[in-house]
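Listed here are the chains, written in short residue letters.
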Amino acid sequence: MELLAPAGSIETLVAAIDAGADAVYFGLSELNARRGAANIAHGELADAVRLAHQKGTKAYLAINTDIAQREIRLCAKYLELAAENSVDAVIVKDPAIFKMIPFFPSLQFHLSTQAGISSSMGVAAVRDFGFKRVVLPRELSLEEIRSASSVPGIETEIFIQGALCFSVSGRCLLSSWLGGRSGNRGLCASPCRFNWRASASDERLFSMRDLCLIEKIPEIIRSGAASLKIEGRLKNAEWVAKTVAFYRDALDGKDKSQNLDALAELASYAGRSLTQGYFENKLDELTGDSARPGSCSQEALLPPDSRPTSIEISVEKIKDAFHCAFKCGSFSDQIQISAGKSDERRLKDFTDIAEGLRLKKFQGYPPVELTSPSPDLKLPSGAVKQILEGLGKFMHSISKKSTGHPKIKIRPELQEMIEAHSHGYSADNLKSVSDAPNLIRFKDWDKFCEFRKNSRECTALIENPSLENLSSPANDDSTKCAVAFPPVIYESSVDNLSEIARICAQNGIQIEANSWDGWKIAKVSGAEILGGIGLMVLNSMAAAFLVEKGCLHATASIEADDEKLRDLCAASSVPIALYVFGRPLLMISRAKLPHNSGKCDEHFEILDRSGESFHVSKESDLTCVRPAKYFSFDGAGLNDIRVAVICADAPPQGQAQTKDPRNSLPEQMKRKFANAELK
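Within every chain, residues take consecutive numbers counted from 1 along the sequence as written. Per-residue local features are limited, in this predicted model, to residues with pLDDT of at least 70; the limit for side-chain atom pairs, both in listing and counting, is 80 or more; totals at the level of whole chains, interfaces and linings are taken over all residues. Excluded from the side-chain calculations are hydrogens and water; all other atoms, namely the structure's heavy atoms, are used.

A closer look at the pairing of strand 14 (residues 321-328)
Two faces make up the sheet, and in a regular strand the side chains alternate between them. Threshold: Strand pairing is assigned whenever DSSP identifies at least 2 bridges connecting the two strands. Elements are defined by DSSP. Helices are runs of H or I of four residues or more, strands are runs of E of two residues or more, and each kind is numbered from the N terminus.
The pairing of strand 13 (residues 311-318) with strand 14 spans seven bridges and is classified as antiparallel. Pairing of Lys317 across the sheet is with Phe322, part of strand 14. Two successive antiparallel strands, strand 13 and strand 14, enclose a turn made up of two residues, where Lys319 displays a positive phi of approximately 55°. Where strand 14 and strand 15 (residues 331-338) come together, eight bridges link them in antiparallel fashion. Its bridge partner lying in strand 15, Phe322 is registered against Ile337.

Re helix 14 (residues 412-420)
What counts, and what does not: Exposed residues in this analysis have more than 50% of their type's maximum accessible area, buried residues have under 20%, and partly exposed residues fall in between, with area computed by a 1.4 Å probe over protein chains only. When we speak of the arc, we mean the arc of directions from the helix axis to the C-beta atoms. Only heavy atoms matter for contacts: two residues are in contact if any of them lie within 4.5 Å across the pair.
Those residues of helix 14 not exposed but buried are Leu414, Met417 and Ile418. The buried residues of helix 14 occupy one face: seen down the axis, they fall within an arc of 100°. Those residues of helix 14 that are exposed and angled more than 90 degrees off the buried face are Pro412, Glu416 and Ala420. In this fold, the buried residues of helix 14 make contact with helix 3 (72-84), helix 4 (95-100) and helix 19 (540-548).

Concerning unusual backbone geometry
One non-glycine residue with positive phi stands out, namely Asn39, at about 65°. Mapped onto the elements of the fold, Asn39 is located in the loop between strand 2 (23-27) and helix 2 (45-54). Residue Asn39 is classed as buried on the basis of its relative accessible area of 6%. Despite not being glycine, Ser190 has its phi angle at roughly 55°, a positive value.

Let's talk about the pattern of salt bridges
Convention followed: Any Lys or Arg side-chain nitrogen found within 4 Å of a carboxyl oxygen on Asp or Glu counts as a salt bridge.
Taken as a whole and assessed by the stated rule, the structure comprises 35 salt bridges. Ionic pairing is found between Lys242 and Glu238, a salt bridge with its closest N-O pair at 3.1 Å. With Lys242 and Glu238 both in helix 9 (residues 237-251) and four residues apart, this pair spans about one turn of that helix. When the shortest N-O distance is used, the salt bridge between Asp252 and Arg248 registers 3.3 Å. A residue is classified by how much of its surface remains accessible, and Asp252, at 43% relative accessible area, is partly exposed. Each of Glu2, Arg133, Glu155, Glu157 and Lys229 takes part in a single network of salt bridges with overlapping partners.

Comments concerning the side chain of Ser207
So the rule is basically this: Two N or O atoms count as a polar contact when they lie within 3.5 Å, although within protein this holds only if one can serve as hydrogen donor and the other as acceptor, and sequence-adjacent residues are included solely when both atoms are side-chain atoms.
With respect to the secondary-structure elements, Ser207 resides in the loop between strand 9 (201-203) and strand 10 (210-212). A distance of 3.0 Å separates the side chain of Ser207 from the side chain of Arg193, its partner in a polar contact.

Some words on the state of the cysteines
Our working definition: Cysteine sulfur atoms that pair up within 2.5 Å are treated as a disulfide.
By the definition in use, this model includes zero disulfides. Free cysteine: Cys172, not disulfide-bonded; nearest cysteine sulfur from Cys188 at 6.0 Å. On the basis of relative accessible area, Cys172 is assigned to the partly exposed category, the value being 24%.

Quick word on the sheet that holds strand 13
Selection criterion: Interaxial angle, 0 to 180 degrees, is taken between N-to-C directions of lines fitted to C-alpha atoms, where a helix line uses only the stretch in contact.
Spatially, four strands are ordered 15-14-13-17 in an open sheet, and the strand pairing comes out mixed. The two strands at the open ends of the sheet, each matched to only one other strand, are strand 15 and strand 17 (368-371). Ignoring strand direction, the axes of neighbouring strands in this sheet form an average angle of 15°.

Some remarks on the packing of helix 5 (residues 120-127) against helix 18 (residues 516-525)
Here is the rule we go by: Here is the rule for angles: anything less than 35 degrees is roughly parallel, anything more than 145 is roughly antiparallel, 65 through 115 is roughly perpendicular, and the remaining ranges are oblique. Amino acid classes used here: Ala, Val, Leu, Ile, Met, Phe, Trp, Tyr, Cys and Pro are nonpolar; Asp, Glu, Lys and Arg are charged; the rest, including Gly, are polar.
Where helix 5 contacts helix 18, the axes come no closer than 7 Å and their chain directions differ by 80°. Between helix 5 and helix 18, the interaxial angle falls into the category roughly perpendicular. Listed contacts from helix 18 to Met121, Gly122, Ala124, Ala125 and Val126 of helix 5 are Trp516, Asp517, Trp519, Lys520, Ile521 and Val524. Its residues assigned to classes, the contact of helix 5 with helix 18 comprises eight nonpolar, one polar and two charged.

Section: the pairing of strand 28 (residues 613-619)
Where strand 27 (residues 603-607) lies against strand 28, five bridges are found, and the strand directions are antiparallel. Bridge pairing links Phe604 to Val616 in strand 28. From the end of strand 27 to the start of strand 28, which pair antiparallel, there are five residues, and Gly611 there has a positive phi angle of about 95°. Bridging between strand 28 and strand 29 (residues 622-627) involves six bridges; their strand directions are antiparallel. Across the sheet, the residue bridging to Ser617 is Cys624, located in strand 29. Hairpin geometry of strand 28 and strand 29 is characterised by an intervening segment of two residues between the two adjacent antiparallel strands and by a positive phi of about 55° at Ser620.

With respect to the confidence of the model for the protein chain
Put simply, the rule reads: The predictor attaches a confidence to each residue, and that confidence, scored 0 to 100, is pLDDT.
Looking at the protein chain as a whole, the pLDDT averages 86, with 86% of positions reaching at least 70. Here residues 290-307 is a poorly scored stretch, pLDDT under 50, and it has 29 contacts once near neighbours within four places are set aside; other chains count. A low-confidence stretch, residues 675-679 stays under pLDDT 50, and its non-local contacts, those more than four residues away or across chains, total 19 contacts.

A short note on the side chain of Thr287
Among the structural elements, Thr287 can be located in the loop between strand 12 (274-275) and helix 11 (298-301). What Thr287 contacts, discounting residues up to four positions off in sequence, is Phe166, Leu205, Phe206, Ser207, Met208, Ala591, Lys592, Leu593 and Pro594.

Remarks on the nonpolar core
Condition: To define a nonpolar core, start from buried Ala, Val, Leu, Ile, Met, Phe, Trp, Tyr and Cys residues and group those joined through side-chain atoms within 4.5 Å.
Membership of the largest hydrophobic core comes to 191 residues, with the highest contact counts inside it found for Phe26, Met100, Phe109, Phe131, Phe206 and Trp516. If you tally residues by element for this core, the top one is helix 3, at nine residues. In this structure Phe26 touches Ala7, Leu13, Ile40, Leu45, Ala48, Ala59, Tyr60, Leu61, Ala62 and Arg233, once residues within four positions along its chain are discounted. With 25 residues, the next largest nonpolar core counts Leu357, Leu379, Leu391 and Phe394 among its residues.

A few points about the packing of helix 1 (residues 10-19) against helix 9
Cut-off, in case you're wondering: In this scheme the handedness of a crossing depends on how the near helix is turned from the far one: anticlockwise by less than a right angle means left-handed, clockwise means right-handed.
Put simply, helix 1 and helix 9 touch, their axes get as near as 8 Å, and they point 20° apart. Considering the angle they form, helix 1 stands roughly parallel to helix 9. Where helix 1 crosses over helix 9, the two elements pack in a sense that is right-handed. Residues Glu11, Thr12, Ala15, Ala16 and Ala19 of helix 1 pack against Ala237, Val240, Ala241, Val244, Ala245 and Arg248 of helix 9. Residue classes in the contact of helix 1 with helix 9 are distributed as eight nonpolar, one polar and two charged.

A look at the environment of Glu457
Examined against the element boundaries, Glu457 turns out to sit in the loop between helix 15 (445-454) and strand 20 (459-463). Between the C-alpha atoms of Glu457 and Pro437, which are 20 residues apart in sequence, the distance is 9.3 Å.

Now the structure itself:
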């Protein structure tokens, strides 16, 4: 069984390998879900893979974010780099990469937990897309892991240690809603760790305990999972080394007498209690204040910044030469300078040179620290000049390796496909965002039925209908309608949803798929499929993949800022849907909120730090968080965009049903996701 460790930097990668990891995973500077880590510069990738392979360790590259239209070529270059450097597997999320899989036969592809596969149906779906492994979400129970791992022809990977998100994997929009930092783009600001106001008190309502399954290793070994993953690309090398060694000993059956001390040390790092609740199918007592009794301040709990804090220059005189070594994080170089003969009066004190460099500011670089084992060393001015020239070259090499796009060619057949999806046209994409919606979403069955009787101009979509409702004679109506499958489908609901899909197929009712699990169920039934918000896309290749797999349209990401939305719609050659009005699901969780806080009611209101209001509710036994106000595209200045489907939520209870729900509410929120993405 594979032990898979995080590598947020070269230093951490080496620590994980030395501690006994069978495989390491890491990201490059962009397109990975932990852009806040130091990460591996594309110029360091060859060294990272070489270091791993020298010790018999596998190297996995994460390219697991939603990919914008302008990032498609960068993504392809990352895949070319992975193939060129013999990366063992690439961990991905975006359907655009699904289309690229056939171009890279030497690479294995693993589907990220960000893709939200939560049942055997989803595992079977992506196996047929060419994936060799699925990373399962953290919130599955042992029995659910067994079911997902029973699908033949594909492996599963599970998390065993690390941070837990309140929202289920890949389904959180809260960070981008609050400040333009999308977790699906690797920029999560962790708002679930903030204080929230409920019932006149502030508390960390959504802050989860940390996952720790060390005591469940025997059961995990029998679960059918192929790989055990430690979360922690934002953690330092020391924590990673200790955690890997801890699990290495457990997997190797070594003495467990030190487990309690090791557990306490793991917990103290983040200042959060540990849990194995999801694994045991226990959904309560998972959240609460993240600070442990007697722990340090919140600032002190944050992981140390793994980025280099200085450029180190070490100078030592050996015989007739000065040996000068440069180091900055994982980058290093060295030069040798002839000492020669110098006039004593022209020699410079080493301490004076070091102080001058320490005070000098180099724009875009950390401070320079000059050290020597001989602090009374004296240097000739010529040697000082050569050291400074060497420093300049070293800085330039860091810049070339750390920034910009890799200098690598995309294979011609892949380049041709990318070009074909860069300037598309669809005769279906004719509607403006100011046009009346032609797809209205309902939660209430009676309002859904009433709307269908009175409106023949657009599709009525119902969320979470019962089998009884769908089978009733009242459902016999010629108006177009659709059923929205939930964004998360667990094994226990597969049979019920399969029966709903069968009825939909029989009666010409479309199914909106909001996960690959739901897509598979709908596909098996033969019903027409709509690509919903749960499968939202940020680029035209992803949209094309959904349509190739039978979806009548793909829905644009509601996190897209104006630029990204325009890019997607201009490039797409398939029908695009756009959600222009409503209260989107910002978080969805299996975790039950604390009973002792009075927050276990079916519906209640909370406030963020700025006073903005949100509604928390129970929907199908899941905790859901939505904004209190409806957002609207009205006044967004996007009338130049053309799409095929304008989607809107129905107005709330008590409001009249109109052709355009945006006319029903006097108070609406401006489009929140229009915030420019923070870089």
